[in-house]
Amino acid sequence: SQQGEEDPQALSIQEGENATMNCSYKTSINNLQWYRQNSGRGLVHLILIRSNEREKHSGRLRVTLDTSKKSSSLLITASRAADTASYFCATDSGGSYIPTFGRGTSLIVHP
Amino acid sequence: GAGVSQSPSNKVTEKGKDVELRCDPISGHTALYWYRQSLGQGLEFLIYFQGNSAPDKSGLPSDRFSAERTGGSVSTLTIQRTQQEDSAVYLCASSRLAGSGELFFGEGSRLTVL
């Protein structure tokens, strides 16, 4: 079963625009992570936010977490064509150390 | 090598044959995970190893699937009597410690069952 669900399923923007992806989950979490996957490749870790944190930044990435709404958002500012990829959120809950992944958001950035 | 290594990168087999997929995690990483990704889908958890503890096999879809991890390092995922619905990319990941957060993924093994 999937804990996190990303929204939208697909996003198409122009280079320079901001991209926002959302992740909703069902049960209380310990951590929420965002990963990126280029076509035909493995996943690459982007950022981890803990349940007691509300916002984290890494370069052009900004992640927010709202535990009251059980949701997170990933913002990519000033997008580039190289940001074209699928983005997944992953959550772990309770005593489980097994991250559960959503179906992902497919982002296309047009040059 | 510096990263997680998986082999083979591609495997085409006939229905009913057995296949073995290998994962070589990052040296020193105690946690190892197997996931399956079908076309356009998210990652489906299969099995998790942590140190010398008994593995968490709760994600294995049937008894045709098994995995082992020898010496706390290399892991092999075995699928017996393959079916067409087993076609997917099998991804292996490792992390330094369970619960440490970041998973490091291999490039995956793409399995096609004809």
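Residues numbered from 1 in each chain as written. Chains lettered and ligands numbered in written order. Predicted model: local features only at pLDDT ≥ 70, side-chain atom pairs only at ≥ 80, totals over all residues. Heavy atoms only, no water.

Student: When you look at the sheet that holds strand β6 (residues 55-58) of chain A in this model, what are you seeing that I'm missing?
Tutor: Two pairing modes exist for strands in a sheet, parallel and antiparallel, and in both the strands are linked by backbone hydrogen bonds. Residue and element names in this part refer to chain A. Pairing in this open sheet of 5 strands is antiparallel, and the strands run β1-β3-β8-β7-β6 from one edge to the other. Of all the strands in the sheet, the pair left with one neighbour each is β1 (5-7) and β6. Going from strand to strand, the sheet's axes swing by 20° on average, the running direction of each strand aside. As paired strands, β6 and strand β7 (residues 61-66) are joined by 4 bridges and run antiparallel to one another. If you follow E55 over to β7, its bridge partner there is T64. (Pairing = 2+ DSSP bridges. Helix = DSSP H or I, 4+ residues; strand = E, 2+ residues; numbered from the N terminus. Axes fitted to C-alpha atoms, helices over the stretch in contact; angles between N-to-C directions.)

Student: I keep staring at the pairing of strand β7 (residues 75-79) of chain B and nothing clicks. Help me out?
Tutor: On a regular strand, each side chain points to the face opposite its neighbour's, so the side chains alternate between the two faces of the sheet. Residue and element names in this part refer to chain B. Among the 5 residues that make up β7, 5 are buried, leaving the element largely enclosed by the rest of the structure. As paired elements, strand β3 (residues 19-24) and β7 share 5 bridges and run antiparallel to each other. Each residue of the ladder has a partner; that of E20, found in β7, is T78. As paired strands, strand β6 (residues 65-69) and β7 are joined by 5 bridges and run antiparallel to one another. Across the sheet, the residue bridging to S66 is T78, located in β7. Counting the residues between successive antiparallel strands, the hairpin from β6 to β7 contains 5 residues, one of them, G71, with a positive phi of roughly 60°. (Buried < 20%, exposed > 50% of the residue type's maximum accessible area, 1.4 Å probe, protein only.)

Student: Help me understand the interface of chain A and chain B, please; the structure alone is not making it clear to me.
Tutor: Interfaces are often described in size by the accessible area the parts lose on coming together. Taken together, the 18 residues of chain A in the interface contact 18 residues of chain B. Where chain A packs against chain B, one counts 1 salt bridge. Two residues, E107 of chain B and R41 of chain A, come together in a salt bridge whose shortest N-O distance is 2.3 Å. Connecting chain A to chain B are 5 residue pairs in polar contact (both at pLDDT 80 or more). Broken down by secondary-structure element, the contributors of at least two residues to the side of chain A that touches chain B are β4 (31-37) and β5 (43-50) of chain A. Per-element accounting of the side of chain A that touches chain B gives the leading share, 4 residues, to β4 of chain A. Class assignment of the residues belonging to the side of chain A that touches chain B gives a composition of 8 nonpolar, 8 polar and 2 charged. (Contact = heavy atoms within 4.5 Å. Salt bridge = Lys/Arg side-chain N within 4 Å of Asp/Glu carboxyl O. Polar contact = N/O pair within 3.5 Å; in protein donor to acceptor, adjacent residues only side chain to side chain. Nonpolar A, V, L, I, M, F, W, Y, C, P; charged D, E, K, R; others polar.)

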